[in-house]
Amino acid sequence: MTQQPKYKKLVEWVKAQVESSKLGPGEKLNSENELTEMFQISRQTVRRAIEELEMDGIVERRQGSGTYISNVFKRKTENTMNIAVITTYVDDYIFPSIIKGMEEVISDAGYTLQIAFTHNSVEKEYSVIKNILDRNMADGIIVEPTKSGIPNPNVELYNEIIAKDIPTIFFNSYYPEIKLPYVVLDDKATGYKAAKHLIDAGHERIAGIFKSDDRQGHLRYAGYVQALSEEGLRLYDENVLWIDTEDLRNLSMESKRVLKRLKDCTGCVCYNDLAAQEVVKICSKHEIKIPEELSLVSIDNSDLAANCKIPLTSVSHPKIELGKMAASNLIQMIRGEIAQASYAFSPELTERKSVKRIN
């Protein structure tokens, strides 16, 4: 009887670990030194086993990192009929409308929506996603990125989602380094449209207030810059104010900082209606008339825009429709019915009373 080659024992052991789900897709295999000790074989024999496992598509080697179980081997789990929705905020501003759109589609498809929110905190994002992965809570995930304008420390968790083949889609924004689909408002076109409206009304020196820690802010700034550039208007760095999540909700407490950026400007593009509302408060306190002395265009066209002391001209966020599309595309991903799940909504502008024509 021919004795089984030593490397075959290691091959069979790895296959058994995968079949029993003790090793899952994307998980790292023991190092060569560890396998040498475990099986009392040479490193050359270990390498021979790894070569066969790699040829069979069971493992993949990553240079400088090690050997991992291939993504081809997906953990077989029962459907939970749950969809996890992770959002930065949930109970105010535009978020209830987005969630309403998602819930309508998810319920109609027979799934239950489970919602968690991060308060735009990377620590909270980590704990929420880790909990979903550890408990196998959902058949798919709809997630709003946390602080998408800065490097994300939770990339490995998203890579684990990809490795485990859990259908996942971003909404409102996305992390460019993570290859997952997204449903968003075209933020660059939105910034462009807001600035162009002020330019068309005759304004030449136009300030901008943008969020630094969200990708939307970077893209809206890019559109604002493009609109000024196309019209041959100068961009003044001293008229651009960068704020973060913590600044946004208390901007009226930063009157001196804001007024410094607005100096000599007749118009301003505001990151969103929340920021614009804060600017209105500051201007009112310092007897700056809107739109007579300062015209404002904001973004999102939320209830805040319509109900503001000075009703705001605002570029619309699709809200309910965006929520519906994100949910619909995810369900099609779960069913294997869609190849391209990403979509960007074109911006539309609603005119109110916050812009004065000066030409």
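Please refer to the structure placed before this passage.
Quantities reported herein were computed from a predicted structural model and do not represent experimental measurements.

Q: Would you explain the packing of helix H1 (residues 6–19) against helix H2 (residues 32–39) in this entry?
A: The relative placement of two packed helices comes down to the angle between their axes together with the axis-to-axis distance. At their nearest, the axes of H1 and H2 sit 11 Å apart, and the two run at 110 degrees to each other. Here H2 runs roughly perpendicular to H1, going by the angle between their axes. On H2, the residues that touch Lys9, Leu10 and Trp13 of H1 are Leu35, Met38 and Phe39. Within the contact of H1 with H2, the residues separate by chemical class into five nonpolar, no polar and one charged.

Q: Is there a simple way to think about the packing of helix H5 (residues 122–135) against helix H6 (residues 155–163) in this case?
A: Where H5 meets H6, the axes come as close as 10 Å, and the angle between the chain directions of the two elements is 25 degrees. Classified by the interaxial angle, the pair formed by H5 and H6 is roughly parallel. Crossing angle aside, the handedness with which H5 passes H6 is left-handed. For the pair formed by H5 and H6, the contact residues are Glu125, Tyr126, Ile129, Lys130 and Leu133 on the first element and Leu157, Tyr158, Glu160 and Ile161 on the second. Within the contact of H5 with H6, the residues separate by chemical class into six nonpolar, no polar and three charged.

Q: For this particular structure, what's the right way to read the side chain of Arg205?
A: Here Arg205 is to be found in the loop between helix H7 (187–200) and strand E8 (206–211). Side-chain polar atoms of Arg205 contact the side chain of Glu238, separated by 3.5 Å. Side-chain polar atoms of Arg205 contact the side chain of Asn239, separated by 2.7 Å. Residues contacting Arg205, with those up to four places away along its chain left out, are Tyr236, Glu238, Asn239, Lys263, Asp264, Cys265, Thr266 and Gly267.

Q: Help me understand empty space enclosed by the protein, please; the structure alone is not making it clear to me.
A: In this approach a probe as big as a water molecule rolls over the atoms, and the regions it shows empty are the leftover space. Tallying each qualifying case throughout the model produces one cavity of 30 Å³ or more. In this model, the largest cavity occupies a volume close to 320 Å³. Lining the largest cavity are 25 residues, and of these Phe95, Glu144, Asp214, Gln216 and Tyr271 sit closest to its centre. Counting only elements with at least two residues in the lining of the largest cavity, the list comes to helix H8 (215–230) and helix H9 (245–248). Tallied by class, residues from the lining of the largest cavity come to nine nonpolar, eight polar and eight charged. Of the residues that make up the lining of the largest cavity, three or more belong to each of domain 2 (82–185 + 319–347) and domain 3 (187–317).

Analysis parameters
- Residues numbered from 1 in each chain as written.
- Predicted model: local features only at pLDDT ≥ 70, side-chain atom pairs only at ≥ 80, totals over all residues.
- Heavy atoms only, no water.
- Axes fitted to C-alpha atoms, helices over the stretch in contact; angles between N-to-C directions.
- Helix = DSSP H or I, 4+ residues; strand = E, 2+ residues; numbered from the N terminus.
- Parallel < 35°, antiparallel > 145°, perpendicular 65-115°, else oblique.
- Contact = heavy atoms within 4.5 Å.
- Nonpolar A, V, L, I, M, F, W, Y, C, P; charged D, E, K, R; others polar.
- Left-handed = near helix turned anticlockwise from the far one by under 90°.
- Polar contact = N/O pair within 3.5 Å; in protein donor to acceptor, adjacent residues only side chain to side chain.
- 1 Å grid on protein atoms, 1.4 Å probe; cavity = no way out; pocket = protein on both sides within 12 Å on 5 of 7 lines; lining within 4 Å.
- Points joined across faces, edges and corners; volume = space filled by probe spheres on them.
- Domains from an automatic or database assignment.

Shape descriptors only; they carry no functional weight alone.
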